[in-house]
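The chain contents come next:
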Amino acid sequence: KNDCPRGFVVEVSADGQIWEPVGHSNNNWGGVDVQFPPKLASHVRLRITRASELFTWGIVEFYVWRSSASWLRGSGS
């Protein structure tokens, strides 16, 4: 696919002020799929670091998956 960001950084934040990078690519030629260890966060953002000069792109869907129920406070899992 050509309609994808060539370079990106995925960042998370607990407060929307301090951001921590959790995944990146500077030579992306497909969908953005980033896996990272569990983080306590309430914000997720995708920041583009390198766009295609020939092709435009847009975000159609954005999913955030959790690996287990342990992200719930007091879940005991």
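Since we're looking at a predicted model, the values are computed, not measured. (Residues numbered from 1 in each chain as written. Predicted model: local features only at pLDDT ≥ 70, side-chain atom pairs only at ≥ 80, totals over all residues. Heavy atoms only, no water.)

## Some words on the packing of aromatic side chains
The geometry of an aromatic ring pair is captured by the separation of the ring centres together with the interplanar angle, meaning the angle of the planes.
Link 1 in the chain: A full pass over the atoms with the stated rule returns 0 aromatic pairs.
Link 2 in the chain: A cation over an aromatic ring shows up here: Arg45 above the ring of Trp19, its NZ or CZ 4.0 Å from the ring centre. (Phe/Tyr/Trp six-rings, centres within 6.5 Å; stacked < 30°, edge-to-face > 60°. Lys NZ or Arg CZ within 6 Å of the ring centre and 35° of its normal.)

## Regarding the pattern of salt bridges
Link 1 in the chain: According to the stated counting rule, one finds 3 salt bridges in the structure shown.
Link 2 in the chain: One salt bridge in this structure joins Glu11 and Arg45, with 2.6 Å as the shortest N-O distance. With Glu11 in strand β1 (residues 7-13) and Arg45 in strand β3 (residues 43-50), this residue pair connects regions lying 34 residues apart in the sequence.
Link 3 in the chain: Between Glu11 and Arg47 there is a salt bridge whose closest N-O contact spans 3.2 Å. Separated by 36 residues along the polypeptide, Glu11 in strand β1 and Arg47 in strand β3 bring together distant segments of the chain.
Link 4 in the chain: Within the structure, one salt-bridge network assembled from shared partners comprises Glu11, Arg45 and Arg47. (Salt bridge = Lys/Arg side-chain N within 4 Å of Asp/Glu carboxyl O. Helix = DSSP H or I, 4+ residues; strand = E, 2+ residues; numbered from the N terminus.)

## What about a nonpolar patch on the surface?
Link 1 in the chain: Taken together, the side chains of Val44, Ile59, Phe62 and Val64 make up a nonpolar region of the molecular surface, amounting to roughly 370 Å² of accessible area.
Link 2 in the chain: Inspection of the secondary structure puts Ile59 in the segment after β3.
Link 3 in the chain: Looking at Ile59, the relative accessible area reads 52%, which means it is exposed. (Patch = residues over 30% accessible without salt bridge, like charges linked within 9 Å, V, L, I, M, F, W, Y side chains within 5 Å. Areas by Shrake-Rupley, 256 points an atom, 1.4 Å probe, with all protein chains shown as cover. Buried < 20%, exposed > 50% of the residue type's maximum accessible area, 1.4 Å probe, protein only.)

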